[in-house]
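# Residue-level structural notes
Residues per chain are reported as follows:
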Amino acid sequence: MTSVLDGWQPAPAGYKHVVSVSLGSSKRNAREEVTVLGQPFILERIGTDADAKRAAAMFTELDGRVDAFGLGGADLYVIADGKRYMFGNIRKLVAGARITPVLDGSGLKNTLERDAIAQLDPVLNWRSQKVLMVSAVDRFGMAEALSQAGADVVYGDVVFGLNIDRPLRSLTSLRRVAKLVLPVITKLPQDWFYPTGAKQETSVQGNGTKYYTWADVIAGDTHYAKRYAPTDLTGKTILTQTITEADRGWMKDRGVARLITTTPRMGSRNFATNVLEAFFVALSGKKAALTEAEYLDYIRQVGFRPEINEL
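Parameters at a glance
Residues numbered from 1 in each chain as written. Predicted model: local features only at pLDDT ≥ 70, side-chain atom pairs only at ≥ 80, totals over all residues. Heavy atoms only, no water. Buried < 20%, exposed > 50% of the residue type's maximum accessible area, 1.4 Å probe, protein only. Helix = DSSP H or I, 4+ residues; strand = E, 2+ residues; numbered from the N terminus. Axes fitted to C-alpha atoms, helices over the stretch in contact; angles between N-to-C directions. Parallel < 35°, antiparallel > 145°, perpendicular 65-115°, else oblique. Contact = heavy atoms within 4.5 Å. Nonpolar A, V, L, I, M, F, W, Y, C, P; charged D, E, K, R; others polar. Pairing = 2+ DSSP bridges. Salt bridge = Lys/Arg side-chain N within 4 Å of Asp/Glu carboxyl O. Expected span 1.5 Å × (residues − 1). 1 Å grid on protein atoms, 1.4 Å probe; cavity = no way out; pocket = protein on both sides within 12 Å on 5 of 7 lines; lining within 4 Å. Points joined across faces, edges and corners; volume = space filled by probe spheres on them. Phe/Tyr/Trp six-rings, centres within 6.5 Å; stacked < 30°, edge-to-face > 60°.

On to helix α4 (residues 140-148), then. Within α4, seven of the nine residues are buried, which leaves it mostly tucked inside the rest of the structure. Of all the residues in α4, the buried ones are F140, G141, M142, A143, E144, A145 and L146. Following α4 by one or two positions, G150 adopts a phi angle in the positive range, close to 95°.

The following block contains the structure:
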């Protein structure tokens, strides 16, 4: 029987090793060597092409052999309006990780992305921007920060997640929807509403296309933004996190003028927040998620800032 770890290599002695096990496409796999604050790291992302059984087996077989896990293509929980909503089926997926901590990026989204919005205000002047967040309940920190900065925001959770043409135009509406919908959604398979595997490679158009046309800035998860995008994004700014060279090419082909990543480039690519949250936990030496204050302290120590690319 073939092991899910065939070909996998542990980090050299003295390195800390972060492995993100993702339900996303294996085409986005990466393994980077970086040194931060004097500590060498191997940061690795392994996609399982929506194969939940393979992902679960990887968490089991790598448990105790790496310093921290990232969870990609899924959320263990989302934080909305200060409340945490747990995905039951995803908790089962990572159950084999009993020693190594599993981080899905939720804690870091609530700190790093809020911070990034404030840092970007001198560049973008949020009060002058029309912003589309394709999905906001999974990035409530960014959603709140954009509203507080004075941007004109459309939260597209109902439009894109439920295929109902009802854009949300205020945090009050977003909070109301989060309280109604998240207790139900967190009991459903996550691939019902989040693109995994081959779905990450294709786009579909529908009710939400006109909101891309309206917006100056498309903000949020890379896969969500690409999944529902029209072919023409001329002059738009995309604010997101994990980016590969293929993503950059996709954006240039559609006319995107500016790409801003809330996560910095590490090695040859920008990793997702789940990788960076696992990285910070491994750097700290702890075996659990850090506090918001601890994340912010590490963000300052390593000098993380949004990366702006004129395309």
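We are not done yet, so read on.
Before going further, it helps to examine the packing of helix α3 (residues 106-124) against helix α10 (residues 273-284). Axis separation between α3 and α10 bottoms out at 8 Å; the angle between their running directions is 95°. By the angle class used here, α3 and α10 are roughly perpendicular. Here α3 contributes S106, G107, L108, K109 and E113 to the contact with α10, which in turn contributes T273, L276, E277 and F280. Looking at the contact of α3 with α10 residue by residue, the class counts come to three nonpolar, three polar and three charged.

Note on placement: L112 falls in helix α3. Linking L112 and A229, residues 117 residues apart in sequence, is a C-alpha distance of 25 Å. The residues touching L112, leaving out its near neighbours within four places in the chain, are T262, T263, I299 and F304.

Here we take up the sheet that holds strand β8 (residues 130-133). The six strands are arranged β9-β8-β10-β11-β12-β15 in an open sheet whose pairing can be described as mixed. A strand with exactly one partner marks an edge of an open sheet, and here the two such strands are β9 (152-155) and β15 (307-310). In this sheet, neighbouring strand axes are inclined to one another by 20° on average, regardless of whether the strands run parallel or antiparallel. Taken together, the four bridges between strand β11 (residues 237-240) and strand β12 (residues 258-261) define a ladder with parallel strand orientation. Within β12, the position partnered with L239 by the bridge is I260. Where α4 meets the sheet, its contacts fall on β8, β9, β10 (217-219) and β11, and the angle it forms with β8 comes to roughly 165°.

Next up on the list: the pattern of salt bridges. Two side chains with opposite charge may pair up if their charged atoms get near one another. Tallying each qualifying case throughout the model produces 15 salt bridges. The salt bridge involving E144 is made with R175; its shortest N-O contact spans 3.2 Å. Within this pair, whereas E144 is found in helix α4, its partner R175 is found in helix α6 (residues 171-185), the two being separated by 31 residues in sequence. Taking relative accessible area as the criterion, R175 reaches 26% and is therefore assigned partly exposed.

With twelve residues, α10 ought to run about 16 Å at 1.5 Å a step, and its terminal C-alpha atoms sit 16 Å apart, in line with that. Of all twelve residues that make up α10, eleven are buried, and the element is covered over most of its length. All buried positions along α10 are accounted for by T273, N274, V275, L276, E277, A278, F279, F280, V281, A282 and L283. The positive-phi residue at the C-terminal boundary of α10 is G285, with phi of around 85°.

Our next topic: empty space enclosed by the protein. The full count for this structure, using the stated rule, is two cavities of 30 Å³ or more. Of the volumes computed, that of the largest cavity is approximately 60 Å³. Along its surface, the largest cavity is lined by D75, Y77, V78, I79, S106, K109, N110, D138, R139, F140 and G141. If you list the elements that add at least two residues to the lining of the largest cavity, you get β5 (77-80), α3 and α4. Of the residues contributing to the lining of the largest cavity, the split by class is four nonpolar, three polar and four charged. The volume enclosed by the second largest cavity comes to roughly 40 Å³. Residue lining of the second largest cavity: L112, D115, A116, Q119, T262, I299, F304, R305 and P306, and that is the complete set. It is α3 that contributes the most residues to the lining of the second largest cavity, four residues altogether. A class-by-class count of the residues in the lining of the second largest cavity yields five nonpolar, two polar and two charged.

Let's shift gears to the pairing of strand β4 (residues 68-72). The element β4 is largely enclosed, with a buried count of five among its five residues. Side chains of β4 alternate between two faces, with A68, G70 and G72 and F69 and L71 buried alike. Where strand β1 (residues 16-22) lies against β4, five bridges are found, and the strand directions are parallel. Considered in β4, the bridge of S22 is made with G72. In this sheet, strand β7 (residues 102-103) lies alongside β4 in parallel orientation, the contact comprising two bridges. If you follow G70 over to β7, its bridge partner there is L103.

Further remarks concern the packing of aromatic side chains. All told, the structure shown has ten aromatic pairs when counted by the stated rule. When the ring of F160 is compared with that of Y228, the centres are 5.1 Å apart and the planes differ by 45°; the resulting orientation is tilted. In this pair, F160 sits in helix α5 (residues 157-161) while Y228 sits in the loop between α8 (222-227) and β11, placing the two residues 68 residues apart along the sequence.

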